[in-house]
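# Chain and residue survey
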Amino acid sequence: MTSYFQHKRDCRFKQEERQRRLLGLTHCQGPFTSFDKEVIDRPIEGLVQDVKNGVLKPVDILRTYGRVAVKAQEKTNCVTEIMVPEAEEWIKNGSINLKGPLAGIPISLKDTVVVGGFDTTVGFSSFVGTKGTQDGAMVRLFKDAGAVPYVKTNVPITLLSFESTNDVWGRAKNPHNNKYSPGGSTGGEAALLALGGRIGIGSDVAGSVRAPAHFSGIYSLRCATGRWPKLGVLTSMPGQEGVPSVFSPMARTLNDLTYFSRSIIEMQPWKYDPSVHTLPWRSDIGKEYAAKSKLRVGVLRTDGVVDPSPACARAMKMVEVALKAEGHEIVEIDPPSPYEGLQIGSQLLNADGCQMFRSFFRTGEWNDPGSAQMEWMMNLPRPFKYLYYLWVKYIRRDDIWAGLVRDWHPKSAFENWQLVAKREAYRVKWFEWWNSANVDFLLTPPNATPAVPHDGMKDAVSSCGYTFLFNILDYTAGILPVTHVDKSLDQLPKDFKIKKLNGVAQGAYKLYNADAMHGLPVGVQIVGRRLEEEKVLAIMKRVEDSLGDNQYKHLDLD
């Protein structure tokens, strides 16, 4: 009972503290001014140049983004820690390097990133009161680059969900439709960026910067391990290395995403974080793929587990048609089984039996329904689990779901090593396949469906294969928005029967409703090989340009 009451007190304290700090932003209230709109829509390079030339004051830019945060919070509950007053002081006292490549540009941070003087709750009430006096290495890097941290953003408890809800901060909502999730685990970040935010940082272990970009209509880049710093954060799963989490950039526009990525890597992040490769930004690679006259596009139409919904298939077709019209070659591919990757990765990610994230819970603390499903299955006694497996495989005749639940139990160190060996062998299969396929990049759906409705992860928890696959392979992958769900174009076929689908697909399609989803964003995923960030960003630009007048339209700021 002591734990329960402390949990309630800490949640109430943080929400009241946030509200006080929001009300204290007296300079950030009211409608957007013409100055605000000009700042929000202006390319990042121009803002930086004006700051360096003394034409723009960083504090004025900061107050514009303070107003963005206030409005986005009112609409979506996307913000956690409010740092605007402290950010003004950082600008005044020289903590921000206004000669850096991001001089004066406000940056929002996933709640997991450590900022001196502020809590890093990760959505757990037991993490309330964790504030230290020192910035983490990642924030020191951002400040040295000239970026101004101004808010932190909402996440799911456990960080293992495409939703972003917890007792400490409440439920984040999709900026296009408040009945849906903005994504997760970097969902609050995506909602803020969709509503006018500039640049942000999230982490990705199974799609956690990519699903939010797809759900909310922004851009993100899943970097390969070792390309982007990750020191100076807290997590729900410290020590989990079977499928390493990577921190990666997010932005409202592709121009901002590219500029942000290049700027941070040109800051030599390996001097801040020993896990980062000494690999400078390679502009020549970006130029090569920006100019290449004929690209070979490998199209992954399905992962063999959950076929893409009509809305997601239509976005893929739009890109395919646009690229073909420009003379690029569309290649039908048959890569190593994505399902095999899902089997290996799902066991590696939770090899501890969900014990680590569970250890941070307090009595009575709400759990994400998807994470709760994983934990329940882990704790089901193995004799009962085996009977369930037999029923699924031989009575329901569902080999896909049966193959996932069969070995869903905690692993010994010996079993974990065996899984890592399988992961490495699987990566070699893909390495050899890509060499023989000779494609420049892959075009894939980001997810089988658009955004999930609130609490939908109870059904869709296993439907993450289109993003999770590339975490297992450690490939670079980017998301760009293409279109919106259209209830007149994206209905399921009249003869569609959900009962004929495997268990994973059933969970995803229970949630698909083109009428209810009308207007939600739909994106595509551009995939390169490991450490190909420059190439992937250049190809994303080629894709965006090829869409022309059909290009995705952002939300109106008002």
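Residues numbered from 1 in each chain as written. Predicted model: local features only at pLDDT ≥ 70, side-chain atom pairs only at ≥ 80, totals over all residues. Heavy atoms only, no water.

### Some points on the pairing of strand 2 (residues 106-110)
Judged by how many residues are buried, strand 2 sits mostly within the fold: five of five residues are covered. In this structure, strand 2 lies alongside strand 3 (residues 148-153), joined through five bridges in parallel fashion. Within strand 3, the position partnered with Ile107 by the bridge is Pro149. Here strand 2 pairs with strand 6 (residues 199-204) via three bridges, running parallel. Paired with Leu109 across the strands is Ile201, a residue of strand 6. (Buried < 20%, exposed > 50% of the residue type's maximum accessible area, 1.4 Å probe, protein only. Helix = DSSP H or I, 4+ residues; strand = E, 2+ residues; numbered from the N terminus. Pairing = 2+ DSSP bridges.)

### Some thoughts on helix 14 (residues 369-379)
Within the sequence span of helix 14, burial applies to Pro369, Gly370, Ser371, Met374, Glu375, Met377 and Met378. Those residues of helix 14 that are buried are in contact with helix 13 (355-358), helix 15 (382-395), helix 16 (399-405) and helix 18 (457-460). Capping the start of helix 14, Asp368 holds a side-chain oxygen 2.8 Å from the backbone nitrogen of Gly370, two or three residues further along. (Contact = heavy atoms within 4.5 Å. Polar contact = N/O pair within 3.5 Å; in protein donor to acceptor, adjacent residues only side chain to side chain.)

### Things to note about the side chain of His214
Of note, His214 is situated in helix 8 (residues 210-216). Judged by its relative accessible area of 1%, His214 is buried. There is a polar contact of 3.0 Å between the side chain of His214 and the backbone oxygen of Thr449. The contact partners of His214, leaving out residues within four places of it in the chain, are Cys312, Pro446, Asn447, Thr449, Pro450, Ile479, Pro521, Val522 and Gly523.

### Side note on the packing of aromatic side chains
Here the structure, examined in full by the defined rule, presents 20 aromatic pairs. Residues Trp228 and Phe260 carry aromatic rings whose centres are separated by 5.5 Å and whose planes lie at 80° to one another, so their mutual orientation is edge-to-face. Linking Trp228 in the loop between strand 7 (219-222) and strand 8 (246-251) with Phe260 in helix 9 (residues 254-266), this pair joins segments that are 32 residues apart in sequence. The pair Trp228 / Phe260 is uniform in exposure class, with both members buried. Relative to Tyr509, the ring of Phe496 has its centre 5.1 Å away and its plane inclined at 40°; by these criteria the two rings are tilted. Of this pair, Phe496 sits in the loop between strand 12 (477-484) and helix 20 (503-509) while Tyr509 sits in helix 20; the two residues are 13 residues apart in sequence, bridging distant segments of the chain. (Phe/Tyr/Trp six-rings, centres within 6.5 Å; stacked < 30°, edge-to-face > 60°.)

### Points about unusual backbone geometry
Of note, the bond from Gly184 into Ser185 is cis; its omega dihedral lies within 30 degrees of zero at 5°. Here Ser185 is to be found in the loop between strand 5 (170-171) and helix 7 (187-194). With a phi close to 55°, Val122 is a non-glycine residue in the positive phi region. By secondary structure assignment, the location of Val122 is in the loop between strand 2 and helix 6 (137-144).

### Quick word on the UniProt feature "active site" (unreviewed entry) in the protein
Mapped onto this numbering, the UniProt entry annotates "active site" (unreviewed entry) at Lys110, Ser185 and Ser208. The greatest C-alpha distance among the residues just named is 10.8 Å, despite their covering 99 residues of sequence, which places them together in space. In the annotated group above, the largest pocket draws its lining from Ser208. Its place among the elements puts Lys110 in strand 2. For Lys110, a relative accessible area of 0% puts it in the buried group. If you trace the backbone, Ser208 turns up in the loop between strand 6 and helix 8. The residues contacting Ser208, other than those within four sequence positions of it, are Lys110, Leu159, Gly184, Ser185, Thr186 and Ser203. At a separation of 3.1 Å, a polar atom in the side chain of Ser208 contacts the side chain of Ser185. (UniProt positions renumbered as here; feature names shortened; annotations may be inferred. 1 Å grid on protein atoms, 1.4 Å probe; cavity = no way out; pocket = protein on both sides within 12 Å on 5 of 7 lines; lining within 4 Å.)

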